[in-house]
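Spelled out, the chains give:
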Amino acid sequence: MKAHRSFLVIALSLLVSVQAQASFIEDSSSLNQRIEANLKKARLLMDFRKTGAQAILRHLRNQPILRQQGESFYTHRTTSFSGDVLIDPQTRSVTAHIQIDGKILASRTNSLAFLVFLNVESVYTPDGEALQFSITELYGYPILRVALPEPRNRGDAFSLVVDLSGTPNCSYSGGFQVKLCAFSPILYMDMNIFLPMGLASDFATSDLRISIPKGMMLAATGIVNGVAPSNANPDFEEHHVVQDFPTEARSLSAGIYDYSKIPMSPQFAGLYTTKDSFSEDLAPKILMDIKDIIRFYEGIYGAYLFPKIEAAQITDDAGAAFGWPALLWIPDSMFLIGSGHYGMETDRTALFAHELAHQWFPDMNKSNDPFAAWLSEGFAEFSSVYYMDNMVEKGYLESAIESYALLYRYFVPATQDYPLTSWQSQYVSDSMVYMLVTYYKGAVVTNTLRKVIGDKAFFGALKKLHEDIAMREEYYDTYKLQQYLEEAYGDSLDFIFVPYVYNIGYPIYKVNVRRLEPNQDGKGRIEVKINRQSSVAGTKFDLPISFAVITDQGEETRTEWVTEDEKTFVWAHEGRFIRLRVDPERVFIKRVVPMLDGDVDISGEIDGIDLIYAAWAYNGQIGYSYNFLSWVDFDANGKIDDKDLNKVLDNFGRTSEEAGQ
Amino acid sequence: MRKARTLSLVGLLVLISSCDAGKNESLDVANDIGAQREVLSESQVSNDDRAYEVSIDRYEVDSIYTDIFSEDEDAVDSNSLPQISGGSVPYYPSPSFRFEQDAALDGNKVILDVVAKDLGEVFGIALRIEWDPSLLELESVNLQQVFEQDGIYKAKEIRPGSLAIGIAHNASYKKHEISGDVVVAKMTLKLLKSGEVSITYYEPRCLVVTRRLEPVKPVYIPYQLRALVR
């Protein structure tokens, strides 16, 4: 009995000790690996989602002419495409006969404008009456303008037929570089290559007969209902693709595929894989992943409303994975992550989780915010790490979010930074910066919103958004998102949106902690002094910051609004003070610097623990070393150099009381 | 009964300590990266030449289940009292830190070894050693060269009665295997007045890590000192 009690004393004692340092140890174990991997990802995945005709639309909408003369371009919205298409991978040619049905958006509309990527041969009514048309260029992109026989008014229906043909320029260079298609050995294509595209965003179904060479399987946003010999060419087969659910965008891929599918009642999940043993082995696991991920997102974001979800393996020249509505494109090298060649299976799952999140953002929940790609990419990346954390690896989110915040802090100079929602976000020449800001910072800020308003309110607001706009001709933007979140939160969220979404930078908190004489009741007290700055001039961060006071009795967390540049708090605490953690749950992107030089863990004293961390991190470099610790990088130059180490060694044994801070 | 046993131990400890004196060559340095060695302790010794008679009582541990943290002797039943005579071999758990009396008593001074046992592969060691400063005063602390390779060695009394020790390799890829008993530091303490004092490791500020920064979790065994100053 006695021995048992003693054992408990020891165990408890060990627990306090380990707990006191736990966060530091955990932080460093995988964080550097994650930083390095994410940095590589940022460098590799250039033009990640800056591809596709939708991106061109976002780009065009930003242009002065469209902003000033929108009505003459935002003439209509297509509601249905139908017709015949022949794609010949050998000659890289496409021929299309497309009927467009839609509705007029503006009063007294006498012409319709379309973005096109093939030569337009003729335009006529369904009755065969020829219509006049012209091709002009808008900021480097060809615009088809079709004259209507008589002016139409808002809400009127229209129908016309367009014949197109030619060899599309897959790497289209207009305002910026985009990739829309590839022909060999796997054919993949943004269907807007042959479907003339309204500039106001189409929201359309489709019924297409697509002919491709015999033996190739076709994957598409719609469902392939049947395959028959092609009337146009005996070496081709005609695939009847029916998409009876409206979407903004659609795509296809075709190849010598194996196909597998599993039920996902009432829908199904399907997978098109190239004929090799690695892909064959992976297929069952990937299908189960897809199903699990979809089900998880349904739980937090609302129902999956497309009738199926499929993924197709494509070639690496795509340069990125794509989350088209109801169809993912996954390049070979990404598809095979974790198959034994390289990478871990979890990396592949995270990739699928990102792409599948696009089914909600923006495929079902459509954004019409031309300045805010982060609403898709930041949310998809957040969704991925949130899924991984909940379903695959506890702690994944914290580590990923911290690595993203650090990458943003260290690798995005203020001169290249841009607000998440801003016109500048559409003109980012450095792909890595784009990834670090729109994807990574976007994910961190999404997580910030979740942490601040709480899971229930956050996911509740997104479900409400989904209910209101998914699969409807409804759209949201940054402003509307804020409104949904504020309604759930019950208060303004300007304190997050203004500095983190509409501005750049992050706060820098210089923190000092000093032990005070105990209270009359014997309770210990500390004085916490905060000096607040901003990494960039002009951005003000008035934030509710949490402070975890760690004592030998446990942890007490206090949340205080830091709205002044100099602020001092005095807090009583149980037990004996050990150290302070600022923003322990990593809610905000920020930098914390100890006022007491060398006080790595903000304990108010520089001792052996500070020394261990400084010595271990010595020579570490952000993104390149396994041993970089940002909290030892006192001068924030990305390296733990002699200057940083000496701050600990020279001040060893000093306390903040002694230093008079 | 207990007192008699204690007194008989004093002579034995003095004898053993005399034999051990000078056995461990003290480093007495802070070996920074590329820096010169420096004296570590900043504590001062008063030149008080009053005569002291000291009796030392040492609690040794049979197992980690004994009441090593109990400071209330009445609460300890006689069966679990540490055995300190009769040729019993003390048992210390692995990995662990403890104190051992090293040198012979020298007037009012007590020299304690900080002993690490079976820590395994180690990158760095942070220790916080504490005592009642009204009873004891730190005169000096000599850090021992724990690592074969160059390392960083630092020690300082952060507050009266609270000594911080930091020992680490000077590059994250280095490690050193600590097996068996290894003296990490030698502390010379001056007894100020009679009384019973615990010399403890303050665990929340102690940390031992591998080169992967994984924590090693030693048992920290305190030391009980009884001083009678005439």
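Conventions and cut-offs
- Residues numbered from 1 in each chain as written.
- Chains lettered and ligands numbered in written order.
- Predicted model: local features only at pLDDT ≥ 70, side-chain atom pairs only at ≥ 80, totals over all residues.
- Helix = DSSP H or I, 4+ residues; strand = E, 2+ residues; numbered from the N terminus.
- Contact = placed C-beta atoms within 7 Å.
- Rg over C-alpha atoms; globule rule 2.2 N^0.38 Å.
- Buried ≥ 20, exposed ≤ 12 C-beta atoms within 10 Å, placed from the backbone.
- Pairing = 2+ DSSP bridges.
- pLDDT = per-residue confidence, 0-100.
- Axes fitted to C-alpha atoms, helices over the stretch in contact; angles between N-to-C directions.
- Parallel < 35°, antiparallel > 145°, perpendicular 65-115°, else oblique.
- Left-handed = near helix turned anticlockwise from the far one by under 90°.
- Domains from an automatic or database assignment.
- Nonpolar A, V, L, I, M, F, W, Y, C, P; charged D, E, K, R; others polar.
- Expected span 1.5 Å × (residues − 1).
- Bend = angle between axes of the 7 residues up to and from the residue.

With that settled, consider the overall build of chain B. Scanning chain B for helices and strands turns up one helix and 14 strands. Partitioning the contacts of chain B with sequence separation of at least 6, the portion at a separation of at least 24 is 76%.

Take the overall build of chain A next. A tally of regular secondary structure across chain A gives 17 helices and 29 strands. A compact globule built from 661 residues should have a C-alpha radius of gyration of about 26 Å, and chain A, at 28 Å, falls within 12% of that. With the C-alpha coordinates of chain A rotated into their principal frame, the extents come out at 95 × 55 × 45 Å. Taken across its 661 residues, chain A has 49% of its residues classed as buried. Excluding contacts between residues fewer than 6 apart, the proportion of contacts in chain A whose partners are at least 24 apart in sequence is 69%.

To continue, consider unusual backbone geometry. Backbone torsion omega between Ser265 of chain A and Pro266 of chain A reads 5°, so that peptide bond is classified as cis. With an omega dihedral of -10°, the bond running from Ser94 of chain B to Pro95 of chain B counts as a cis peptide bond. Mapped onto the elements, Pro95 of chain B comes out in the loop between α1 (2-20) and β1 (96-101). A positive phi is found at Tyr139 of chain A, a non-glycine position, where the angle reads about 50°. Residue position: Tyr139 of chain A is located in the loop between β5 (133-138) and β6 (141-152).

Turning our eyes to something else, we now look at the pairing of strand β2 (residues 109-117) of chain B. Residue and element names in this part refer to chain B. Here β1 runs beside β2; their pairing, made up of six bridges, is antiparallel. By the bridge assignment, Phe99 is partnered in β2 with Val114. Alignment of β2 against strand β9 (residues 181-191), held across nine bridges, turns out to be antiparallel. Paired with Lys117 across the two strands is Asp181, which belongs to β9.

Residues and elements named next belong to chain B. Per-residue pLDDT for chain B has a mean of 69; in total, 59% of the residues score no lower than 70. At the level of individual helices and strands, chain B shows its lowest average pLDDT in α1, which scores 32, and its highest in strand β4 (residues 124-130), which scores 98. In this model residues 1-87 is a low-confidence stretch, pLDDT under 50, and it forms 132 contacts with partners more than four residues away in sequence or in other chains. Across the interface, the model reports ipTM at 0.78; the global pTM reads 0.84.

Right, let's talk about the packing of helix α7 (residues 345-357) of chain A against helix α9 (residues 374-392) of chain A for a bit. Residue and element names in this part refer to chain A. Two elements in contact, α7 and α9, have axes separated by 8 Å at closest approach and are oriented at 135°. On the basis of their axis angle, the class for α7 and α9 is oblique. Every pair of crossing elements has a handedness; the one defined by α7 and α9 is right-handed. Side by side, α7 and α9 meet where Thr346, Thr349, Ala350, Ala353, His354 and Ala357 of the first sit next to Phe379, Ala380, Glu381, Ser383, Ser384, Tyr387, Met388 and Val392 of the second.

Assigned domains within chain A: domain 1 (66-255), domain 2 (261-360), domain 3 (365-501) and domain 4 (512-583). Relative placement of domain 2 of chain A and domain 4 of chain A: their C-alpha centres are 45 Å apart.

To continue, consider the packing of helix α10 (residues 396-411) of chain A against helix α11 (residues 431-453) of chain A. A pair of packed helices can be characterised by two numbers: the angle between their axes and the separation between those axes. Residues and elements named next belong to chain A. Relative orientation of the contacting elements α10 and α11 amounts to 130°, with a least axis distance of 9 Å. Accordingly, the angle class assigned to the pair α10 and α11 is oblique. With respect to the hand of their crossing, α10 and α11 are arranged in left-handed fashion. Across the interface between the two elements, Ile401, Tyr404, Ala405, Leu407, Tyr408 and Phe411 from α10 touch Leu436, Val437, Tyr440, Lys441, Ala443, Val444 and Asn447 from α11. Looking at side-chain class alone, the contact of α10 with α11 contains eleven nonpolar, one polar and one charged residues.

Let's shift gears to the sheet that holds β6 of chain A. Residues and elements named next belong to chain A. Taken in spatial order, the four strands make up an open sheet running β5-β6-β3-β12, and their pairing is antiparallel. Whereas interior strands pair on both sides, the edge strands pair on one side only; in this sheet they are β5 and β12 (197-198). Alignment of strand β3 (residues 109-115) against β12, held across two bridges, turns out to be antiparallel. For Leu115, the partnering residue across the bridge sits in β12 and is Met197.

Before going further, it helps to spend a moment on helix α5 (residues 277-301) of chain A. All names here are of chain A. Over its 25 residues, α5 extends 36 Å from the first C-alpha to the last, a length consistent with the 36 Å expected when each residue adds 1.5 Å. The largest bend in α5 amounts to roughly 40° and is located at Ala283, with the proline Pro284 lying one to four residues further along. Downstream of α5 by a residue or two, Gly302 has a phi angle that is positive, lying close to 115°.

Moving on, we come to the environment of Arg145 of chain A. Mapped onto the elements of the fold, Arg145 of chain A is located in strand β6. Separated by 346 residues in the primary sequence, Arg145 of chain A and Asp491 of chain A place their C-alpha atoms 47 Å from one another.

All names here are of chain A. In space, the four strands of this open sheet follow the order β27-β24-β23-β29, with mixed pairing throughout. Taken across any chain shown, the strands that pair with only one partner, and hence form the sheet edges, are β27 (566-573) and β29 (591-594). Neighbour to neighbour, the strand axes of the sheet diverge by 25° on average, direction disregarded. As defined by bridge partners, strand β23 (residues 507-516) adjoins β29 across four bridges and the pair is classed as parallel. Residue Val511 lies in a different strand from β29, and its bridge partner there is Pro594.

Bridge count between β23 of chain A and strand β24 (residues 524-534) of chain A: ten bridges; the pairing is antiparallel. Across the sheet, the residue bridging to Leu516 of chain A is Arg525 of chain A, located in β24 of chain A.

What follows is about α11 of chain A. Residue and element names in this part refer to chain A. Between its first and last C-alpha, α11 extends 32 Å over 23 residues, near the 33 Å set by a 1.5 Å rise per residue. Most of α11 is tucked away, with 17 of its 23 residues classed as buried. Backbone geometry just after α11 places Gly454 at a positive phi near 95°.

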